[in-house]
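Residue strings, one per chain:
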Amino acid sequence: MDERIITEIFRRFDRNKDGIISREELLAVFDKILPGAKDMDRLIQQMDTNHDGQIQYDRSSLLNAHAQAAHQKVERLRESQTGVKRTALFWGQLSSEQGRASLATLRSDPPRGALAVVCAAHSLLRVSSKKIHWEEAEAMLEDVDAFLMELKDYNPYRVPAYVVQSFEENLTLPYFDYKRMEERNYACACLGSWVIAAVRSWREAKQMVPVEDAALRADAAVAEVKQKQT
């Protein structure tokens, strides 16, 4: 939302064109733009510089309010997402004593379907759509500490769509079903679930990008005003 849109919204609700709207009118504006948003009262209090219950059109205060609302939207969306939380959950299981021991067994005695699971993890971690053989999977699992660090450092923003598309259809296979794989190999079950969570976090990251960009643009608009005022 740039300054022109903010100005247009203000003028639409400034019925008598005196450059002032009431607190209630502005609350209605924010409710339409960001339904269910929290802390709008606090934002409006910051815009009401003389504390008379009315807001005069002031570019700086409006842009500041918009920037804060944009960041609140980012936080609400981030809090609602579960992919990152679940990758952390399964990373914790893999880094446990049981998980580490099972990773060693997975490397030396892989159950059926292990290659599909490890190949998917390899694609996400190495940002590659290349299909690997078990020898390459073994190499990736050789250093357990290094492998766990790769899992922990996974960044969904770095992964292009073609990488996920290269293995996405495999996620419906029974090898990615935790309950089915747990008895065969605990680490393979956890890693398959980590992959599913990582793909979810990738999808959620795509949802975050335009919202985060909007917040950055709002910050830039605020910074520009401050620079001109100094």
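Residues numbered from 1 in each chain as written. Predicted model: local features only at pLDDT ≥ 70, side-chain atom pairs only at ≥ 80, totals over all residues. Heavy atoms only, no water.

1. As for the overall build of the protein chain
Now for step 1: Per the secondary structure count, the protein chain includes 12 helices and two strands.
Now for step 2: Within the protein chain, contacts between residues separated by at least 24 positions form 73% of all contacts whose residues are at least 6 apart in sequence.
Now for step 3: Entry remark: accessible area of the protein chain is about 13100 Å², with carbon and sulfur atoms responsible for 50%. (Helix = DSSP H or I, 4+ residues; strand = E, 2+ residues; numbered from the N terminus. Contact = heavy atoms within 4.5 Å. Areas by Shrake-Rupley, 256 points an atom, 1.4 Å probe, with all protein chains shown as cover.)

2. Side note on the side chain of S128
Now for step 1: By the element assignment, S128 lies in the loop between helix 7 (114-126) and helix 8 (134-142).
Now for step 2: Here K130 takes part through its backbone nitrogen, which lies 3.1 Å from a polar atom of the side chain of S128.
Now for step 3: In this structure S128 touches S123 and V163, once residues within four positions along its chain are discounted. (Polar contact = N/O pair within 3.5 Å; in protein donor to acceptor, adjacent residues only side chain to side chain.)

3. Points about helix 12 (residues 186-229)
Now for step 1: Relative to the 64 Å expected for 44 residues at 1.5 Å per residue, helix 12 spans 61 Å between its end C-alpha atoms, a close match to the ideal helical length.
Now for step 2: Taken as a whole, helix 12 carries its principal kink of about 30 degrees at M208; the proline P210 stands between one and four residues after it.
Now for step 3: By the N-cap criterion, in which a side-chain oxygen at the helix start approaches the backbone nitrogen of a residue two or three places on, helix 12 is capped by N185, the distance to A187 being 3.0 Å. (Expected span 1.5 Å × (residues − 1). Bend = angle between axes of the 7 residues up to and from the residue.)

4. Section: the side chain of E212
Now for step 1: Along the chain, the position of E212 falls in helix 12.
Now for step 2: A distance of 3.2 Å separates a polar atom in the side chain of E212 from a polar atom in the side chain of Y157.
Now for step 3: Residues within four places of E212 in sequence aside, it is in contact with V74, R78 and Y157.

5. A few points about the packing of aromatic side chains
Now for step 1: Using the criterion set out here, one finds two aromatic pairs in the structure.
Now for step 2: Ring geometry for F90 against Y178: centres 6.2 Å apart, planes inclined by 45 degrees, an arrangement best described as tilted. On the criterion of sequence distance, the pair formed by F90 in helix 5 (residues 83-94) and Y178 in helix 11 (residues 178-182) is long-range, its members being 88 residues apart.
Now for step 3: A centroid spacing of 5.3 Å and a plane angle of 70 degrees characterise the contact between Y154 and W194, whose relative ring orientation is edge-to-face. Of this pair, Y154 sits in the loop between helix 9 (144-152) and helix 10 (161-165) while W194 sits in helix 12, and the two are 40 residues apart along the sequence. A single burial state applies to Y154 and to W194, both of which are buried. (Phe/Tyr/Trp six-rings, centres within 6.5 Å; stacked < 30°, edge-to-face > 60°. Buried < 20%, exposed > 50% of the residue type's maximum accessible area, 1.4 Å probe, protein only.)

6. Section: the nonpolar core
Now for step 1: If you look at the biggest cluster of nonpolar residues, it comprises 42 residues, and the most contacted ones within it are L103, L106, L124, L191, W194 and V195.
Now for step 2: Contributions of two or more residues to this core are made by helix 5, helix 6 (97-108), helix 7, helix 8, helix 9, helix 10 and helix 12.
Now for step 3: Take this core: its biggest share by element is 11 residues, from helix 12.
Now for step 4: If sequence neighbours within four positions are ignored, W194 has contacts with T87, F90, W91, L124, L125, L151 and Y154. (Core = buried A, V, L, I, M, F, W, Y, C linked by side-chain atoms within 4.5 Å.)

7. Some details on the packing of helix 7 against helix 8
Now for step 1: Two numbers describe how helix 7 lies on helix 8: the axes approach to 10 Å, and their chain directions differ by 60 degrees. In the packing of helix 7 onto helix 8, the handedness of the crossing is left-handed. Between helix 7, through A114, L115, V118, H122 and R126, and helix 8, the contact on the second element is made entirely by W134, A137, M140 and L141.
Now for step 2: Looking at side-chain class alone, the contact of helix 7 with helix 8 contains seven nonpolar, one polar and one charged residues. (Axes fitted to C-alpha atoms, helices over the stretch in contact; angles between N-to-C directions. Left-handed = near helix turned anticlockwise from the far one by under 90°. Nonpolar A, V, L, I, M, F, W, Y, C, P; charged D, E, K, R; others polar.)

8. Regarding helix 6
Three or four residues apart is the spacing at which side chains of an α-helix point the same way, because the helix has 3.6 residues per turn.
Now for step 1: Given a rise of 1.5 Å per residue, 12 residues ought to cover 16 Å, and the 17 Å separating the end C-alpha atoms of helix 6 matches this to within 8%.
Now for step 2: Turning to helix 6, its buried residues number three or more, namely G99, S102, L103 and L106. Looking down the long axis of helix 6, one finds its buried residues gathered within 110 degrees of arc, a one-sided arrangement. Among the exposed residues of helix 6, those pointing more than 90 degrees away from its buried face are E97 and S108. (Arc of directions from axis to C-beta.)

9. Here's the deal with the pattern of salt bridges
Now for step 1: Tallied over the full model, the rule gives seven salt bridges.
Now for step 2: Across the salt bridge formed by E75 and R78, the nearest N and O atoms sit 2.8 Å from each other. You can see E75 and its partner R78 sitting in helix 4 (residues 59-80), three residues apart, about one turn around the helix.
Now for step 3: With relative accessibility at 38%, the residue E75 sits in the partly exposed group.
Now for step 4: Among the salt bridges present, the one from R78 reaches E212, with a minimum N-O distance of 3.0 Å. Here R78, found in helix 4, pairs with E212, found in helix 12; they are 134 residues apart in sequence, far enough to count as distant.
Now for step 5: In this structure, a network of salt bridges that share partners links the residues E75, R78 and E212. (Salt bridge = Lys/Arg side-chain N within 4 Å of Asp/Glu carboxyl O.)

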